[in-house]
Amino acid sequence: MRLPVSFYSRPALTVARELLGTHLVFEQGGGRRVGRIVETEAYVGEHDLACHASKGRTPRTEVLFGPPGRAYVYLIYGMYHCFNVVTDQEGVGSAVLVRAVEPVEGLPEDVRTDGPGRLCRALGLTLAHNRWDLQDAVLHLTRGEPVPEARVERGPRIGVDYAGEWALEPYRLWIRGSQHVSRPPVRRRGERS
């Protein structure tokens, strides 16, 4: 069962948490590829300096302002695709980056899906999927097994140092113990896991 639009019509941080354990499904050319989401990052609006919406509405960021339940796919470093889901109410520029998935169906056992670029490559997601309605039969998300709060870790987002204080916000969420998380948390001396 596809996640309804109402699932995405909530604040990005709520959606980022609830996406853990859901399945990202891509069906194309007779093939079906499915990954269980194990890591996300929330980008909470125009005031969030790490969010692409902080630059205002542009041809690239227009999709972030809604409607919710759309795909926002962009290219970083000119070579890696990143898949996001647009969240919140129409007019609020926010999304959740899917950082890592655990292979479930249709993916080779040795494929790496630990990181936004790797998961897009493994699933076959490209700029062609930007703005897609996630109610589509080809690209959508479905419910999986809920992840108990005790298994959810939180920490700063990755690669957004340019955002100043916003880089330190604990808006990256992942499933504790997953072998598919893009980057394990950095522990400080004396800190327990």
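Caption draft 1: Up close: the pairing of strand E8 (residues 172-175). Burial along E8 is two-sided: the residues Arg172 and Trp174 and Leu173 and Ile175 are all buried. Pairing between strand E7 (residues 152-155) and E8: four bridges, direction antiparallel. Pairing of Gly155 across the sheet is with Arg172, part of E8.

Caption draft 2: Summary view of the nonpolar core. If you look at the biggest cluster of nonpolar residues, it comprises 53 residues, and the most contacted ones within it are Leu19, Leu24, Phe83, Val85 and Leu141. Residues contacting Leu141, with those up to four places away along its chain left out, are Met1, Arg2, Leu3, Tyr8, Leu19, Thr22, His23, Leu24, Ile37, Phe83, Val85 and Leu134.

Caption draft 3: Geometry of the environment of Asn84. As for its placement among the helices and strands, Asn84 is situated in strand E4 (residues 80-86). Note: C-alpha distance between Asn84 and Gly106 (22 residues apart in sequence) is 21 Å. Beyond its immediate chain neighbours, meaning those up to four positions away, Asn84 contacts Arg70, Ala71, Tyr72, Tyr74, Ala95, Val96 and Leu97. A polar atom in the side chain of Asn84 sits 3.4 Å from the backbone nitrogen of Leu97.

Caption draft 4: Structural detail: helix H3 (residues 116-123). Within H3, six of the eight residues are buried, which leaves it mostly tucked inside the rest of the structure. Inspection of H3 places Pro116, Gly117, Leu119, Cys120, Ala122 and Leu123 among the buried residues, and these make up the whole buried set. If you follow the buried residues of H3, they end up packed against strand E1 (23-28), strand E2 (31-43), E4 and strand E5 (95-105). Looking one or two places after H3, you find Gly124, whose phi comes out positive at around 90 degrees.

Caption draft 5: Examining the pairing of E4 more closely. Counting buried positions along E4 gives six out of seven residues, so the element sits mostly inside the fold. Pairing of strand E3 (residues 71-76) with E4, which is carried by six bridges, proceeds in the antiparallel orientation. In the sheet register, Ala71 faces E4, and the bridge partner there is Val85. Counting the residues that bridge the hairpin from E3 to E4 gives three residues, and of these Tyr77 lies at a positive phi of roughly 55 degrees. Of the strand pairs in this sheet, E4 and E5 are connected by three bridges, and their pairing is antiparallel. If you follow Asn84 over to E5, its bridge partner there is Leu97.

What counts, and at which threshold
Residues numbered from 1 in each chain as written. Predicted model: local features only at pLDDT ≥ 70, side-chain atom pairs only at ≥ 80, totals over all residues. Heavy atoms only, no water. Buried < 20%, exposed > 50% of the residue type's maximum accessible area, 1.4 Å probe, protein only. Helix = DSSP H or I, 4+ residues; strand = E, 2+ residues; numbered from the N terminus. Pairing = 2+ DSSP bridges. Core = buried A, V, L, I, M, F, W, Y, C linked by side-chain atoms within 4.5 Å. Contact = heavy atoms within 4.5 Å. Polar contact = N/O pair within 3.5 Å; in protein donor to acceptor, adjacent residues only side chain to side chain.

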